[in-house]
Amino acid sequence: MSRASEAVRVATRRGTRFPKASLGLLLWLTIVWVLLWGEVSAGNVVTGFCLALLVTEVAPFPLTATDSRFRPAALVRLIAVFFKDLVVASTQMAFFILRGKTPRGAVIRVQLRSHSDLYLFITACMSTLVPGSLVIDTDAASGTLYIHVFDVELSGGVSAAHESVLELEERVLRALASGLELVEAGFVPGSSPKAGRLPTPFAPDSSEDAA
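Here the structure is a predicted model, which is why all the values come from computation and not from measurement.

### Structural notes on the overall build of the chain
Step number 1: Regarding its fold elements, the chain presents 7 helices and 3 strands.
Step number 2: Buried positions account for 35% of the 211 residues belonging to the chain.
Step number 3: In the form shown here, the chain has an accessible surface area of approximately 12,100 Å², with 66% of it arising from carbon and sulfur atoms.

Below is the structure:
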């Protein structure tokens, strides 16, 4: 059985477990609780985590793969690259404005690989926060982002701007998505992009018979 086929088998295996939600989801709900209270304290953090655990056990989200988990290494990579992009883009924008150049903008259409509204939302927000790009519209049904690029040349060209969004989406997925969601997006499950992509076309139902 190939590495890709084994990854598909593991990612699509189902079972029962506790907790039903991934650690990443529990932490996210805890953060939301703390933000709603507007105060970071041990009591708020513990209460938020307990409530997140209770809610996801009583009313769990639709079942996903059993290897759904929070990937710390991938999250660190996501945050590190995001802040690097912030610094680089801010510096480039500053020099561009100081030179008094006229920007040549463009609107690009990026079809994301994931079908989840959550990952589309995170990708859109992080893209918008980086200077030089602005999400002007989304199509959740098709998983499409429409992004205004401040200056095509500054972004390295239309293809480079398009690819940078897809790379951001992959980092988001590898940090937060379940193994099944990674498979559905065409990736071999894992925290690193080095895990690679699945062969195309891919038929999940035939994974057990693949060589």
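### Regarding the UniProt feature "transmembrane region" (unreviewed entry) in the chain
Step number 1: UniProt feature "transmembrane region" (unreviewed entry): in the numbering of this structure it lies at residues 21-38, 75-98 and 118-136.
Step number 2: In this annotation, residues 118-136 is assigned 63% helix and 21% strand; the end-to-end C-alpha distance for the span is 17 Å.

### Considerations on the pattern of salt bridges
Step number 1: On inspection of all chains with the given rule, the structure shows 3 salt bridges.
Step number 2: Two residues, Arg 171 and Asp 85, come together in a salt bridge whose shortest N-O distance is 3.8 Å. Of this pair, Arg 171 sits in helix α6 (residues 158-176) while Asp 85 is found in helix α4 (residues 72-98), placing the two residues 86 residues apart along the sequence.
Step number 3: Relative accessible area serves as the criterion here: at 14%, Arg 171 is assigned to the buried category.
Step number 4: Notably, a salt bridge pairs Arg 174 with Glu 170, separated by 3.0 Å at the nearest N-O pair. One end of the pair is Arg 174 and the other is Glu 170, both in helix α6 and 4 residues apart, which spans about a single turn.
Step number 5: On the basis of relative accessible area, Glu 170 is assigned to the buried category, the value being 14%.

### Description of the environment of Leu 75
Step number 1: Tracing the backbone shows Leu 75 in helix α4.
Step number 2: Considering only alpha carbons, one finds Leu 75 and Arg 174, 99 residues apart in sequence, at a separation of 7.9 Å.
Step number 3: With residues up to four places along the chain from it excluded, the contact list for Leu 75 reads Phe 70 and Ala 175.

### Details of the sheet that holds strand β1 (residues 106-111)
Step number 1: Spatially, β1-β3-β2 is the arrangement adopted by the 3 strands of the open sheet, whose pairing is antiparallel. Two strands in the sheet have a free side with no partner beyond their single neighbour: β1 and β2 (133-139). Strand-to-strand twist across the sheet, computed as the mean angle between neighbouring axes with direction ignored, equals 25 degrees.
Step number 2: The pairing of β1 with strand β3 (residues 144-149) spans 6 bridges and is antiparallel. When the bridges of β3 are listed, Gln 111 appears paired with Thr 144.
Step number 3: Docked against the sheet, helix α5 (residues 117-129) engages β2 and β3, running at close to 155 degrees with respect to β2.
Step number 4: Strands β1 and β3 of the sheet are contacted by α6, whose axis makes an angle of about 40 degrees with β1.

### Re the nonpolar core
Step number 1: In terms of nonpolar packing, the biggest core is built from 16 residues, with Leu 78, Met 126, Val 172 and Leu 173 touching the most fellow members.
Step number 2: Elements supplying a minimum of two residues to this core: α4, α5 and α6.
Step number 3: In terms of nonpolar packing, the next biggest core, distinct from the first, is built from 12 residues, Leu 112, Ile 147, Val 149 and Val 165 among them.

### A closer look at a nonpolar patch on the surface
Step number 1: Together, Trp 28, Ile 31, Val 32, Leu 35, Leu 36 and Trp 37 make up an exposed nonpolar region whose accessible area comes to about 710 Å².
Step number 2: Looking at the secondary structure, you find Trp 37 in helix α2 (residues 23-37).
Step number 3: With relative accessibility at 55%, the residue Trp 37 sits in the exposed group.

### Regarding the packing of aromatic side chains
Step number 1: On inspection of all chains with the given rule, the structure shows 3 aromatic pairs.
Step number 2: The interplanar angle of 75 degrees and the centroid separation of 5.4 Å between the aromatic rings of Phe 96 and Phe 150 together place this pair among those described as edge-to-face. Here Phe 150 lies in the loop between β3 and α6 and Phe 96 lies in helix α4, a separation of 54 residues in the sequence.
Step number 3: We note Arg 197 situated over the ring of Phe 187; from NZ or CZ to the ring centre the distance is 4.8 Å.

What counts and how
Residues numbered from 1 in each chain as written. Predicted model: local features only at pLDDT ≥ 70, side-chain atom pairs only at ≥ 80, totals over all residues. Heavy atoms only, no water. Helix = DSSP H or I, 4+ residues; strand = E, 2+ residues; numbered from the N terminus. Buried < 20%, exposed > 50% of the residue type's maximum accessible area, 1.4 Å probe, protein only. Areas by Shrake-Rupley, 256 points an atom, 1.4 Å probe, with all protein chains shown as cover. UniProt positions renumbered as here; feature names shortened; annotations may be inferred. Salt bridge = Lys/Arg side-chain N within 4 Å of Asp/Glu carboxyl O. Contact = heavy atoms within 4.5 Å. Pairing = 2+ DSSP bridges. Axes fitted to C-alpha atoms, helices over the stretch in contact; angles between N-to-C directions. Core = buried A, V, L, I, M, F, W, Y, C linked by side-chain atoms within 4.5 Å. Patch = residues over 30% accessible without salt bridge, like charges linked within 9 Å, V, L, I, M, F, W, Y side chains within 5 Å. Phe/Tyr/Trp six-rings, centres within 6.5 Å; stacked < 30°, edge-to-face > 60°. Lys NZ or Arg CZ within 6 Å of the ring centre and 35° of its normal.

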